[in-house]
Structure formats: structure tokens, C-alpha cells
Amino acid sequence: MPRREDPVTRPDAVVIGAGVIGASCAVHLAHAGLRVTVIDRGAAPGAGSTARATGGFRAQYATAINIRLSLLSRDRLRAFRDETGVDPQFQPVGYLWLATTAAGLAELRAAHALQRREGLAEATLLAPGDIPALNRFAALDGVVGGAWCPSDGVMRPTEILRGYLETAERLGVAMHWGEPAIAIERDPGRDPGRAAGPITAVVTPRATYATAIVVNATGAWAADTARLAGLDLPVTPLRRQVAITEPTAALPATFPMTIWDDGFHLRVRDGRVLLLRPTPGDPGDPWSTAVDPAWLDDIAATAPVRVPALRGVALDRAAAWAGLYEMSPDHHALLGWAPGCPNLLLVNGSSGHGVMHAPALGLLAAEIATLGAARTLDVHALRPSRFAEGDPIVGSALL
Ligand SMILES: Cc1cc2nc3c(=O)[nH]c(=O)nc-3n(C[C@H](O)[C@H](O)[C@H](O)COP(=O)(O)OP(=O)(O)OC[C@H]3O[C@@H](n4cnc5c(N)ncnc54)[C@H](O)[C@@H]3O)c2cc1C
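Since the model is a prediction, treat every value here as computed from it, not as a measurement. (Residues numbered from 1 in each chain as written. Predicted model: local features only at pLDDT ≥ 70, side-chain atom pairs only at ≥ 80, totals over all residues.)

> It is not clear to me how the environment of Asp75 should be interpreted in this structure. Could you clarify?
Counting through the fold element by element, Asp75 comes out in helix α2 (residues 64-78). Given 13 C-beta atoms within a 10 Å radius, Asp75 is considered partly exposed. In this structure the C-alpha to C-alpha distance between Asp75 and Ala360, which are 285 residues apart in sequence, comes to 9.1 Å. (Helix = DSSP H or I, 4+ residues; strand = E, 2+ residues; numbered from the N terminus. Buried ≥ 20, exposed ≤ 12 C-beta atoms within 10 Å, placed from the backbone.)

> Looking at this structure, I do not really get unusual backbone geometry. What am I missing?
Excluding glycine, residues mostly have negative phi values, and the peptide bonds linking residues are mostly trans. The backbone of Gln89 shows a phi angle near 55°, a positive value even though the residue is not glycine. Among the secondary structure elements, Gln89 is positioned in the loop between α3 (80-84) and β4 (95-99). The class for Gln89 is partly exposed, based on 18 C-beta atoms found within 10 Å. Positioned with a positive phi, Asp270 is a non-glycine residue whose angle comes to about 50°.

> Would you explain the environment of Val15 in this entry?
Here Val15 is to be found in strand β1 (residues 13-16). Placed 366 residues apart in sequence, Val15 and Ala381 show a C-alpha to C-alpha distance of 23 Å. In contact with Val15, not counting residues within four places along its chain, are Gly22, Cys25, Ala26, Val36, Val38, Val215 and Ala217. (Contact = placed C-beta atoms within 7 Å.)

> Can you walk me through the site of the ligand in this structure?
In the region of the ligand, 40 residues are neighbours, and Gly19, Gly48, Gly219, Gly323 and Gly354 sit closest. Sorting the residues of the shell around the ligand by element identifies α1 (20-31), β2 (36-40), β13 (236-244), β17 (321-327) and α8 (354-371) as the ones contributing at least two each. Among the elements that take part in the shell around the ligand, β17 stands out by supplying four residues, more than any other. A breakdown of the residues in the shell around the ligand according to their chemical character gives 17 nonpolar, 18 polar and five charged. (Near = placed C-beta within 6 Å. Nonpolar A, V, L, I, M, F, W, Y, C, P; charged D, E, K, R; others polar.)

> Before we go on, may I ask you to explain the nonpolar core in this structure?
Most often, soluble globular proteins keep nonpolar side chains buried together rather than apart. Ranked by internal contacts, the top residues of the largest apolar core, which has 116 residues, are Ala26, Val215 and Ala365. Sort the elements by how many residues they give to this core and α8 lands first, with eleven residues. If you count residues domain by domain, this core takes at least three from each of domain 1 (13-53 + 158-234 + 329-386) and domain 2 (93-151 + 237-327). Val215 has contacts with Ala13, Val15, Ile16, Gly22, Cys25, Leu345, Val347 and Ala365, leaving out every residue within four places of it along the chain. (Core = buried A, V, L, I, M, F, W, Y, C linked by C-beta atoms within 7 Å. Domains from an automatic or database assignment.)

> Explain the pairing of strand β10 (residues 199-203) here, please?
Strand residues, when the strand is regular, have side chains that alternate between the two faces of the sheet. Two elements, strand β9 (residues 183-186) and β10, share four bridges in a ladder whose sense is antiparallel. Note on β10: the bridge partner recorded for Ile184 is Val202. Bridge analysis of β10 against strand β11 (residues 208-210) gives three bridges, and the strand direction is antiparallel. Within β11, the position partnered with Val203 by the bridge is Thr208. (Pairing = 2+ DSSP bridges.)

> Teacher, can you tell me more about the domain arrangement of the protein here?
One frequent convention defines the size of an interface as the accessible area lost when the parts assemble. Annotation of the protein at the domain level lists domain 1 (13-53 + 158-234 + 329-386) and domain 2 (93-151 + 237-327). Distance from the C-alpha centre of domain 1 to the C-alpha centre of domain 2: 31 Å. Tallying the contact residues gives twelve residues for domain 1 and eight residues for domain 2. Residue composition of the side of domain 1 that touches domain 2, grouped by class: two nonpolar, nine polar and one charged.

> Hey, could you run me through the sheet that holds strand β15 (residues 265-269) in this one?
Through backbone hydrogen bonds, the strands of a sheet pair up, either in parallel or in antiparallel fashion. The strand order β5-β6-β4-β14-β15-β16-β13-β17 describes an open sheet built from eight strands, whose pairing is mixed. Each edge of the open sheet is held by one strand with a lone partner, namely β5 (124-126) and β17. For this sheet, the mean inter-axis angle between neighbouring strands, taken without regard to orientation, is 25°. (Axes fitted to C-alpha atoms, helices over the stretch in contact; angles between N-to-C directions.)

> Sorry, what's going on with the packing of α2 against α8 here?
It is the contact of α2 with α8, at a shortest axis distance of 8 Å, that shows an interaxial angle of 85°. Comparing the axis directions of α2 and α8 gives the class roughly perpendicular. In this structure, α2 contributes Leu69, Ser70, Leu72, Ser73, Arg76 and Leu77 to the contact, and α8 contributes Met356, His357, Pro359 and Ala360. Classifying every residue of the contact of α2 with α8 by side-chain character gives six nonpolar, three polar and one charged. (Parallel < 35°, antiparallel > 145°, perpendicular 65-115°, else oblique.)

What follows is the structure in C-alpha cells.
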């Protein structure tokens, strides 16, 4: 049973990292009756990737577990305002996938069949002629088909984070900003030469928090955190850059999230257009969050070709930004106790889908911590040991 002494220095659970995933975990653990302390090295909320996310939400995925996580999260987002008092600004503007190759179309078809089997009844496949009714702005040169889901859309990551953090505080969660985890103490174990035992405390420059449960919710930095406990975690950073136009009325607020099969995608936010195209990251520095001017040139050249209404709409180059995805080897989250440490709960590696899946992951993590196993969903596929077992999740890299 978790200890129940001083809730500040002896909480039942310590959550390291107060991004959207740590905040969701804290709320769900507190709802389950645990005394929770959250530490984040940032001086204020939003120091990590959550504040840099663009806010896409979709259930159109190519693996059953990601579809299920999205459907569970969607339910939670629909109830979010009632539960937290904060509007997540979830707008189902739809998510439109455009295929330009036979292989891209085959991927969409296979994913669509799976989505229907998983209960995403409103997802449809599109012939090129169907597309203008959903998005009259997209140039259809070379487009051989598409996929559409009207209940996908956009949300406001920082509002979701705020909703969880305010709820956590109301539930009595102790929040400590500007406090990095600098050491994780483990029971040395009884037998010399044997692996270390459970974590006994999390150490910051200000305090030592003795605890029975530690949650690693440190996003792209999760492997560094695991290393404090002597563990290897296969989570690596990957830079994602975002271009943004000057304010424009060229596209309506209802413009659907639209994505081509080379990953180029765009959406409208606050009267500007956000444009992204994945790259392999900065080869010289995997932690770089600088925006590459040549990448911006490419976006500026591609945008008016894909969406002719953007001809003459300039990028606001100074406002472009980049952040870090938290990649796992199979691009799916790791959820469960860490192999080699019985009380370190991993909620890591969402691989760029962490905001949309945070409502589900926080709930499931709390179930694992307090009920012994996730009850709402079968999350066996996400077990952290799958890589060592040679059993990663197989699915499309884009979807
Ligand atoms: C450009 C971009 C666009 C994106 N778009 C989307 C999208 O459309 N939809 C979507 O769902 N997701 C999107 N994402 C991904 C999403 O941002 C992440 O999956 C999500 O924010 C992960 O949440 P997190 O709480 O795990 O990590 P973070 O928000 O990064 O939080 C981790 C926290 O851990 C703290 N921390 C790190 N190390 C320590 C330590 N040693 N001690 C204490 N604290 C520590 C950090 O300060 C940070 O606050 C996008 C990401 C980027 C970069």
C-alpha cells in the first residue's frame, strides 16, 4: 500500500514532469485517492512540448491501440469542460488525408477498414471528386483519393494543460515548479550483485520526496529521467518545426486539418495558417529547437502549390517555432511499469500524439497504479517490455 505520511515530502506518488501527460496523470491519481506531488524543472507551466503543439486531434490511425486511445480521449475531451471548468476548445473541423500514390491510398484503405472495425463509423474513404465538397481550397493535382473523419479536428493544448493543472491543485496535488529531478534513489537490494530494488525517493535541489510510486512524464527528456534510476528507455527527441502565416482571411476558421501523404499539412488557428512538413530533425543536434530557414523556404514554396488561396500570403518567419516529439521505436506510447524497476510508471514515447492521448493515458496510468492493471482499455500492446521482447507494434509510420 502507498505510504500516507507527510503529503509534501512523503506523497503516495511523485509525478516527474508537468506537461499535459504529467498533469493528466496527477489528476487521475488524485481522483483515485492518492496524495500526489508533481515536480517540473520549468519555472512555470508549458516548459516542454505541450505548449509547442499545434493541437491536432484525430482518431484516424492505422493501429487498433491508437484508435482506441483516441476514442477514449475524445470522450474525455467532450466532458473536459464539465470536469475541469476549462474549455479545451475541441473543434471537430475534420481531418482530411490526401493520397497521391497508389501505396498511400492503400495505406488509407487499410487504416480505414481497421477504423471501422474499431467503431469509428463516421470515417469515410473519398474519391478525388468527393474532396472539393469538404475542402474546396486544396489543389487536387496528383491526388488519387483520400480519407475523411468529421469528428477529428483541433483543440487547444495549453488550455488542456491549464484545465488539468487547475484541477490538480483543487484536488490537493502539490505542484513544485523550478524543481528538476536530479537523482532517483533506489533500494540497493539485499543480495550483493543483484539488480537494485524499488525507488525509495526522488531528489531535487530543494527536497527529497520519499514515495511508493514514481511516474516518468518527462516527454522528450524521459530517457534522461529513466537514467537517473539506472534504466535505459528507448525514447528520443525529434524536432518538429511549425511555420505560421501573417494574419489572413484566405482560409476560413472551419478549414479542416488537411494532410498529404508526404506529411505536409496545414490548419487554421486564430486567423493564421499553421503549416508543417516532417523532417528527420537536426542531424547535428537532436535537441535543437531552432527553425531552419531553408525549411521555411520549402514551406513558402509548397504552400501556394498545395493551396492556391495562399498565393501572396506571407509567412511570419519570426513567429515560426519548433519543439520536440518524444519518439519511441514503433511510434507508439510506452505505458506501464518500467522493466527492471517495480514502482517506476512509464507514460512516455507518445511520438507526437501526446496531447490528444493525454486524457486516456492519465486515466489508464492511474488505473495501473491503483488497481493493478488498466481496466478501461487493454493496454498490453503498450507494455514497455515489448521492444526487449522483439514484439513492437506494427503500423504505418504516417498514420
Ligand atoms: C511542433 C509540435 C506539434 C505537435 N502537435 C501535436 C498535435 O497536433 N497533437 C498532439 O496530440 N500532439 C502534438 N505534439 C506532441 C505533443 O506536444 C507531445 O506529445 C506532448 O506535449 C507530450 O506531453 P508530455 O507531458 O509528455 O511532455 P512535455 O509537455 O514536454 O512535458 C514534459 C515536462 O517534463 C519536464 N521535465 C523534463 N525533465 C525533467 C526533470 N528532470 N525534472 C523535472 N521536470 C522535468 C519539462 O520541463 C516539461 O514540462 C506536437 C509536438 C510538437 C513539438
